[in-house]
Amino acid sequence: MGKALRWLLSLALLIAALGTAGAAGAAEPDTTGSSGPPGSSATTGPGTTGSSATTGPATTGSTSNTASTASTGTNTSTASTADIKDRILAIPGMSLIQEKPVDGYRYFVLDYTQPVDHRHPSRGTFQQRITLLHKGVDRPTVFFTSGYNVSTTPSRSEPTQIVDGNQVSLEYRYFTPSRPDPADWTTLDIWQAASDQHRVFTALKAIYSGKWLATGGSKGGMTATYFERFYPRDMDGVVAYVAPDDVVNNEDSAYDRFLATVGTKACRDRVEAVQREALVRRKPLEREYADWARAGGYTFTTVGTLDKAYEAVVLDYVWAYWQYSLLSDCDSIPADAKTATDQQIYDSIDTISGFSAYTDQGLEQYTPYYYQAGTQLGSPDIKQPWLGGLSRYGYQPPRDFVPRSIPMRFDPGAMPDVDSWVRHHADHMLFVYGQNDPWGSERFQVGQGSRDSYVFTAPGANHGANVAGLVAAQRTKATARILDWAGVAPAAVRQDESKAKPLVPFDKKLDTREVTRGPAMLP
């Protein structure tokens, strides 16, 4: 169950046509330390972060034509002085949905034509949603993804604020509207998604020729990491926030150890007692749940029954509390669960976990996540011994949250491959975790062979951990490395990293940092 993963070439290569059908999608993925992504026969040597070797962008016409490579820009004075919107829309396959006003920026909502299958570009295309926050072609660019839908409200990620850069944000494939029709779910995997990013980067690199960083939080941090693993020549640095690393899917004891020690015993006892009481009072609380579902038109076809959905929400409660709340929020939990009213227990479960999470309507948006959790990413399975024998179903697997019409088969090799690559080949990578975030129990680590890469933990932080929340020495170190990777570190910072700070001040409209509570336990 889950709630809550570089880009240069000479212009001659950018404008050279690639005659083969497969060149557009599978351009030089790195396979260092493995036999390559599942189903891929492409192999290359290890890449060096920030090198200038990559292929040109591929573009697609209709679903009956093979994607082809086309020019994305020129070195002429006409191109360099053209309006940025015109230059962006000159990229084959790029179309404008909307331009929105933003002080100090241009902001575009775009669609980009992508192959459904990067290994077989002739097998159809789909439109992938992109937003672009344009600061200037002379600034570094941050490539952001949440791993889910893309927001069309202008905003800056933390690295974008730090480097005073542009930001390209990409919707993850198969989250609507970025879903092929009909949907071939076998093409929803981490390599295909990394190849989406690679094509977007390659298309825009001719315009935004400076340094590029990849970033994202939670599943977006995982996405940035997978992108770096498969295309290590594209980015000049990666900043991955609160990114889980579930290397062995059926070994989840790290989560149990975390939940046994997180916070204080008094707070753990209080949260666990409410969860337990919700199962003790299953009958009356399920009546209220049924009334709510009937009034709102909610159904339970995918999960099977209201009872299974109810228990799934309740079993998420402890995890979701620590994911989204702080230790200081413990006073919001009923102090004595046994004497609390039914309504107090119901409301607390709904506030923390969300009773809509496992309805058909709540699951529909997140079908791509549950599909990936059940085919590659893995998902937590925790014991929760304080519940005794009250659970009827245990932690239900992702298969239970995906319509049965969509086949699923788990690939146990996908996550170990990425984990090993990061440990031994990470280059210019920063991982930031929250001390009290359960998802950080299984995290990425850097080891022998990695270079200029770091794993930092923000004390007391939840799933919204960021660089600003690190202790002072780590905060300035992380900020200095981000500035350096982006090529914009001031001379004073290059001489003394303790002087590092974001290049532009915090903007309360653009720089939203509070963690957004999602349904159930998605990363």
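Our structure is the block above this text.
Summary of the structure given here. (Residues numbered from 1 in each chain as written. Predicted model: local features only at pLDDT ≥ 70, side-chain atom pairs only at ≥ 80, totals over all residues. Heavy atoms only, no water.)

Some details on the side chain of Arg282
Summarising the element assignment, Arg282 is placed in helix 9 (residues 282-296). Note on Arg282: relative accessible area 5%, which makes it buried. Among the polar contacts listed, one links the side chain of Arg282 to the side chain of Glu311, at a separation of 2.7 Å. Here the side chain of Arg282 touches Leu390 through a polar contact of 3.1 Å, landing on its backbone oxygen. Beyond its immediate chain neighbours, meaning those up to four positions away, Arg282 contacts Asp307, Tyr310, Glu311, Leu390, Ser391, Arg392 and Tyr393. (Helix = DSSP H or I, 4+ residues; strand = E, 2+ residues; numbered from the N terminus. Buried < 20%, exposed > 50% of the residue type's maximum accessible area, 1.4 Å probe, protein only. Polar contact = N/O pair within 3.5 Å; in protein donor to acceptor, adjacent residues only side chain to side chain. Contact = heavy atoms within 4.5 Å.)

Some words on empty space enclosed by the protein
Taken as a whole, the largest cavity spans an internal volume of roughly 80 Å³. What lines the largest cavity is Met222, Pro244, Asp245, Asp246, Tyr255, Tyr369, Leu377, Gly378, Ser379, Pro380, Trp439 and Pro523. Among the residues making up the lining of the largest cavity, the classes are represented as 8 nonpolar, 2 polar and 2 charged. For the second largest cavity, the full set of lining residues is Gln128, Thr145, Leu170, Glu171, Tyr172, Arg173, Ala193, Asp196, Gln197 and Thr223. (1 Å grid on protein atoms, 1.4 Å probe; cavity = no way out; pocket = protein on both sides within 12 Å on 5 of 7 lines; lining within 4 Å. Points joined across faces, edges and corners; volume = space filled by probe spheres on them. Nonpolar A, V, L, I, M, F, W, Y, C, P; charged D, E, K, R; others polar.)

Examining the sheet that holds strand 11 (residues 454-458)
Either a parallel or an antiparallel arrangement is found when strands of a sheet pair, and the pairing is made through backbone hydrogen bonds. With mixed pairing, the 9 strands of this open sheet are ordered in space as 3-4-5-7-6-8-9-10-11. Of all the strands in the sheet, the pair left with one neighbour each is strand 3 (94-102) and strand 11. Strand after strand, the sheet turns through a mean of 20° between neighbouring axes, direction not considered. Bridge count between strand 10 (residues 429-434) and strand 11: 5 bridges; the pairing is parallel. Paired with Gly434 across the bridge in strand 11 is Ala458. Along the sheet, helix 5 (residues 190-205) contacts strand 3, strand 4 (105-115), strand 5 (125-134), strand 6 (141-144), strand 7 (166-170) and strand 8 (212-217); its crossing angle with strand 4, the most-contacted strand, is approximately 125°. (Pairing = 2+ DSSP bridges. Axes fitted to C-alpha atoms, helices over the stretch in contact; angles between N-to-C directions.)

Focus: the packing of helix 9 against helix 10 (residues 306-315)
When two helices pack together, their arrangement is captured by the angle between the axes and the distance separating the axes. Where helix 9 meets helix 10, the axes come as close as 11 Å, and the angle between the chain directions of the two elements is 105°. As far as their axial angle goes, helix 10 and helix 9 are roughly perpendicular. Listed contacts from helix 10 to Arg282, Leu285, Glu286, Tyr289 and Ala290 of helix 9 are Leu306, Asp307, Ala309, Tyr310 and Glu311. For the contact of helix 9 with helix 10, a count of residues per class yields 6 nonpolar, no polar and 4 charged. (Parallel < 35°, antiparallel > 145°, perpendicular 65-115°, else oblique.)

Here's the deal with the nonpolar core
Within the largest apolar cluster, 106 residues are counted, with the highest numbers of intra-cluster contacts made by Ile88, Phe143, Leu204, Ile349, Tyr358, Tyr369 and Tyr370. Not counting the four nearest positions on each side in its chain, Leu204 is found in contact with Ile91, Met94, Leu132, Val168 and Trp212. Within the second largest apolar cluster, 26 residues are counted, among which are Ala458, Ala461, Ala486 and Val488. (Core = buried A, V, L, I, M, F, W, Y, C linked by side-chain atoms within 4.5 Å.)

Thoughts on the pattern of salt bridges
A complete count under the given rule lists 26 salt bridges for this structure. Measuring nitrogen to oxygen at the nearest pair gives 2.9 Å for the salt bridge that ties Asp111 to Arg129. Here Arg129 lies in strand 5 and Asp111 lies in strand 4, a separation of 18 residues in the sequence. For the pair formed by Asp111 and Arg129, the shared burial category is buried. A single network of salt bridges, built from pairs that share partners, joins Arg282, Glu286, Asp307, Glu311 and Arg392. (Salt bridge = Lys/Arg side-chain N within 4 Å of Asp/Glu carboxyl O.)

Some words on the pairing of strand 5
Within strand 5, 9 of the 10 residues are buried, which leaves the element mostly enclosed by the surrounding structure. Judged from the 10 bridges that link them, strand 4 and strand 5 form a sheet pairing that is antiparallel. The residue of strand 5 that forms the bridge with Pro115 is Thr125. Inspection of the sheet shows strand 5 paired to strand 7 by 4 bridges, in the antiparallel sense. By the bridge assignment, Leu132 is partnered in strand 7 with Val168.

Considerations on the packing of aromatic side chains
Within this structure, the stated rule accounts for 25 aromatic pairs. Both rings, one in Tyr148 and one in Tyr366, keep their centres 5.9 Å apart while their planes meet at 75°; by these two values the pair is edge-to-face. Of this pair, Tyr148 sits in the loop between strand 6 and helix 4 (158-163) while Tyr366 is found in the loop between helix 13 (360-364) and helix 14 (367-377), placing the two residues 218 residues apart along the sequence. With relative accessibility at 11%, the residue Tyr148 sits in the buried group. Where Trp319 meets Trp439, the ring centres are 5.0 Å apart and the plane angle is 75°; that geometry is what we call edge-to-face. Residue Trp319 is located in helix 11 (residues 317-324), and its partner Trp439 is located in the loop between strand 10 and strand 11; the two are separated by 120 residues in the primary sequence. (Phe/Tyr/Trp six-rings, centres within 6.5 Å; stacked < 30°, edge-to-face > 60°.)

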